[in-house]
Amino acid sequence: MLAPRALRSLLCALSCAWWLHTGTASRLKTAALPIQSEREPLPSKVLAGCSFGGRFYSLEDTWHPDLGEPFGVMHCVQCHCEPQKSRRGKVSGKVNCRNIKQDCPNLDCDDSVLLPGQCCRTCPKGSDGKQQADSMLDSFEYFHEKGKEDDLHKSYNDRSYLSSEDTGLGESRTDFVALLTGVTDSWLPSSSGVARVRLSLTRTTLTFSVTYQRIGRPTKIAILDSDGTPAFEYKVPRGQADMICGVWKNLAKPLLRQLQSEQMRISMTTSTGRREEVVGKIIKHRALFAETFSSMLTSEEENAGMGGIAMLTLSDSENNLHFILILQGLIRHKDKEPVLVPIRVQLVYRQHVLREIRANITSNDPDFAEVLTDLNSRELFWLSRGQLEIAVAAEGQDPRQISGFITGRKSCDAIQSVMSSGDALIPGKTGGVGSAIFNLHDNGTLEYQVQVAGLTSDVVGLTIELKPRRRNKRSVLYDLTAEYSKAAGRAVGSWSRLEARHIHMLLQNELFINVATAHNQEGELRGQIKALPYSGLEVPRHELPTPLAGHFVSPPVRTGASGHAWVSVDKQCHLHYEIIVAGLSKADDLTVNAHLHGLAEIGELDDSSTSHKRLLTGFYGSQAQGVLKDMSVELLQHLDQGTAFIQVSTKMNPQGEIRGRVHVPNTCKLGAPAEVEEAEFDDIFLNDPEELKKDPNTCFFENQHHAHGSRWTPSYNKCFTCSCQKRTVICDPVICPELTCSRTIQPEDKCCPVCDESREPKDMKALETLEEHLEGCYFEGDQKMHAPGTTWHPFVPPFGYIKCAVCTCKGSTGEVHCEKVTCPVLTCNHPVRRSPSDCCKECPEEERTPAGLELSDMMQADGPRYCKFGKNFYQNSDSWHPWVPLVGEMKCINCWCDHGVTKCQRKQCPVLTCSNITRTESSCCPECGDQKEQADLMTKTPGKRRTWRQ
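Residues numbered from 1 in each chain as written. Predicted model: local features only at pLDDT ≥ 70, side-chain atom pairs only at ≥ 80, totals over all residues. Heavy atoms only, no water.

Enquirer: Help me understand the sheet that holds strand S61 (residues 893-898) in this model?
Expert: In a beta sheet, neighbouring strands pair by backbone hydrogen bonds and run either parallel or antiparallel. If you trace the three strands from one edge of the open sheet to the other, you get S58-S61-S62, paired in antiparallel fashion. Edge positions in the sheet fall to strand S58 (879-880) and strand S62 (901-906), since each of these pairs with one other strand and no more. Here S61 pairs with S62 via six bridges, running antiparallel. Directly across from Trp896, in S62, lies its bridge partner Lys903. (Pairing = 2+ DSSP bridges. Helix = DSSP H or I, 4+ residues; strand = E, 2+ residues; numbered from the N terminus.)

Enquirer: Could you clarify how one ought to interpret the packing of aromatic side chains in this entry?
Expert: Each aromatic ring pair is specified by the distance between its two centres and by the angle formed by the two planes. All told, the structure shown has eleven aromatic pairs when counted by the stated rule. Summarising the aromatic geometry, the rings of Phe208 and Tyr234 are spaced 5.4 Å apart at their centres and angled 85 degrees between planes, so their arrangement reads as edge-to-face. One end of the pair, Phe208, is in strand S10 (residues 205-213); the other, Tyr234, is in strand S12 (residues 230-235), and 26 residues separate them in sequence. Here Phe208 falls in the buried class, since its relative accessible area comes to 1%. Here Tyr234 falls in the buried class, since its relative accessible area comes to 1%. (Phe/Tyr/Trp six-rings, centres within 6.5 Å; stacked < 30°, edge-to-face > 60°. Buried < 20%, exposed > 50% of the residue type's maximum accessible area, 1.4 Å probe, protein only.)

Enquirer: Explain the sheet that holds S12 to me, please; I cannot follow it from the model alone.
Expert: Read across the sheet, eight strands follow the order S12-S11-S14-S15-S8-S9-S10-S13 without closing on themselves; strand pairing throughout is antiparallel. At either end of the open sheet lies a strand with only one pairing partner, and these are S12 and strand S13 (244-248). Direction aside, the axes of adjacent strands within the sheet are offset by 20 degrees on average. Bridge analysis of strand S9 (residues 194-202) against S10 gives nine bridges, and the strand direction is antiparallel. When the sheet's bridge partners are listed, Val194 is paired in S10 with Gln213. (Axes fitted to C-alpha atoms, helices over the stretch in contact; angles between N-to-C directions.)

Enquirer: Please explain the nonpolar core as it appears in this structure.
Expert: Note that soluble globular proteins tend to have their nonpolar side chains buried in a common cluster. Ranked by internal contacts, the top residues of the largest apolar core, which has 59 residues, are Phe323, Leu325, Val345, Phe438 and Val450. Discounting residues that sit within four places of it in the chain, Leu325 has contacts with Leu297, Ile309, Ala310, Val345, Pro366, Asp367, Phe368, Ile390 and Val392. Counting residues in hydrophobic clusters, the runner-up holds 28 residues, among them Val197, Trp248, Leu251 and Ile266. (Core = buried A, V, L, I, M, F, W, Y, C linked by side-chain atoms within 4.5 Å. Contact = heavy atoms within 4.5 Å.)

Enquirer: Would you explain helix H5 (residues 500-507) in this entry?
Expert: Residue pairs spaced three or four apart in an α-helix point in one direction, given the helix's 3.6 residues per turn. The element H5 is largely enclosed, with a buried count of eight among its eight residues. By the burial criterion, the buried members of H5 are Ala500, Arg501, His502, Ile503, His504, Met505, Leu506 and Leu507. Downstream of H5 by a residue or two, Asn509 has a phi angle that is positive, lying close to 60 degrees.

Enquirer: What am I meant to see in the pattern of salt bridges here?
Expert: Proximity of charged atoms lets side chains of opposite charge pair with each other. Under the criterion given, the structure shown has 18 salt bridges. Measuring nitrogen to oxygen at the nearest pair gives 3.9 Å for the salt bridge that ties Arg173 to Asp413. Within this pair, whereas Arg173 is found in strand S8 (residues 173-182), its partner Asp413 is found in the loop between strand S24 (407-408) and strand S25 (414-419), the two being separated by 240 residues in sequence. We classify Arg173 as partly exposed; its relative accessible area is 35%. According to the relative accessible area criterion, Asp413 is partly exposed, its value standing at 24%. If you follow the salt bridges from partner to partner, you end up with Arg173, Asp175, Arg196, Arg198, Glu291 and Asp413 in one network. (Salt bridge = Lys/Arg side-chain N within 4 Å of Asp/Glu carboxyl O.)

Enquirer: In this structure, what is going on with the confidence of the model for the protein chain? I would like to understand it.
Expert: Detailed conclusions should not be drawn from predicted coordinates in areas where pLDDT is low. Across the protein chain, the average pLDDT comes to 76, with 74% of residues at 70 or higher. Taken together, the stretch residues 671-687 has pLDDT below 50 and engages in 14 contacts with residues farther than four places along the chain or on a different chain. Long-range and interchain partners of residues 847-864, a stretch whose pLDDT sits below 50, account for 27 contacts in this model, where long-range means more than four residues apart. (pLDDT = per-residue confidence, 0-100.)

See the structure below:
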């Protein structure tokens, strides 16, 4: 049986978007795991502290959370009750939990043991070795998972200081990195080029940002599976800047598993002049989330086939520069046994060596981490200007060197900010809005564009600031007021005196922009400057977005929320949109959903007309994005004329919380139908392979180019249908409809069987012949002609075949009629879906009961009897190992779904009679130490240097 209060408290303390104050946990309606609700005991009204798992802890107390059976005490998780002062000066506590396993010392003994009740392994008594801290780990302490708050008190408005992870879409995001260098095991000359690819996986979408040096303009990027076969190919569009941005959508589960287990590689090739190729492995890395500076290391040699990348960051409080090197090709050692290779790392300014570090690394694991302590003011200045160079040389018989300049971290993410009155230091509801975008250059210059609207009075201050350390003590970094134009409501300029510390804080989402007005001297609007992850949508992020405010709603709404939106119309007259919202007051919504929950729509400004309005999306969180394809003629014209709007409605303001006027010039005068005509016209010349290659939206699949929007049957399987969607190939299995005829045949050139008309009764066949339309029906979804009277499941890109609908070709008119499948009423307790693609559920054979046997069975809906555990859903009889934040997957505990109820049990261990009991990390049960020593003697291998990848 689970301990609901402790487990719920741990999940809330680790994954909620804001730290729960004392007593607020009792107001949660839905637990994070499928456990029964239970009221939290209120803490003492006299003493300040923290309530966690049904217990009260005083300020500064630390403890290991006890989640109850079968999870037990989490010895590797330490919770701390941190004091916190509210705006009124009242002191309360907040719970902060962190994983302490990574703080365990590195031991120099080979027979370390894990004692019961301990998190860290220890050397057995009597061992000559003593515990020594891993100096590299200690020096690289920044990359530990630790809270962002440290010793700073939150301001009087806590919500404006949530990290980007807290205010995101609530989806897990995994970052990867790949170092690409020239191939050295080929008879062709190797390339001297080096590229770095940063990848981010959200659900089944993988976005990537590519930077490169010493190689020509790439023309193709391919992601290779574990067998070396291209799983995805991306044709690099012409005219892009030095940064290449792309997206791979709808990754299949087998490829997702390969990506997560680091079995995939990425290749980049050029076609101009001499063909070059660079290749590298896609890996996870713990340093990616903290990286704020980076360097790409290249060699001056021709056909070098080697390179490296450096990921760097500054300490939070000291001027220490932490870095990790990933090297490839620098050390060439052909023997299977690893050897130690001496290397020299130098920090250089204009060929003058400022710092030097010498170390030994192993040939089979050439990653290296170190820290440069106490950078002086000149070194920090050169760092901010991109003038410091890091050089790595392998010493010995075959000396080689690679080097590169250190700059701010580069990616396709957009640095932006939404300023709202709800996020002001003194929160308000003015209905105003502020929007800003930023661009950081290699020389440390920060370009900015800021716009404000709907303010209560004139702007008297526009500043970039730090988080205030105490009330009425704002920390201003840069004053933009002189650049502000009252007439335009904008400020455009650049900040060339950005310090290295400021660059670090900017890229860590730790800076804010504040708008002060005559009536609100401390600030009427405020927003956090943070990176918006690249989405792959065709929206102009380099331009100021459309501001969204309650001031623009008719009639105006005095709200604390505001937002901005990027909107564009592509050549196919599809609308791309990306909406960011901030400042929605959590107090306005009495439910536990503290995030924005609303509807985004687009329409014309004339409220008297309701015919030309389209719902974009319903969304939770702080942002919404997508593509709207079937636009009406009127809406496209309003977009072109600037008389359209985007509006976000919420539960509190269903008629509109914030709104903004949208102007997107376009040539879609004929509306969406023009897309079909344009595609038909393009087909005349896009059949030419050379013309297809020039189109940036073309897909390359099975050694052939396919135009965007085209659909075809792949050669590898005639029972699949593939489509090209903006350089992305999506293949779906053909789903055959059920036939009602008595006899069927299987044509050789078809995937699905058809009715054998020769076997049908002559009178019925004659009747059908009279009604047939000889030309049949053309269905736009699969772009195929269908014979009169045939039925099929519609193919709707990019979703594939919709099995819950059936289309029929009406022979008399040649029209296609589609209708939704109606599921039958089920009479069993536990219906099942026999195949994941099935639309309706069925009763299992063993549970089929006569109709009308029980009234409760007759009223059984066709809904799932599933279990929810954390953020995952499981079908009946599914089993899994639970995942706990900061601890990970608990393989010693098995959970299963029993008709909607989650049950968990720890693996049963035998009773041991020995006195020397130990536990290994890979084992669920303790073992006798004597038996373990005998097994170790048979399998003991030399220790390996600790790797920095996880």
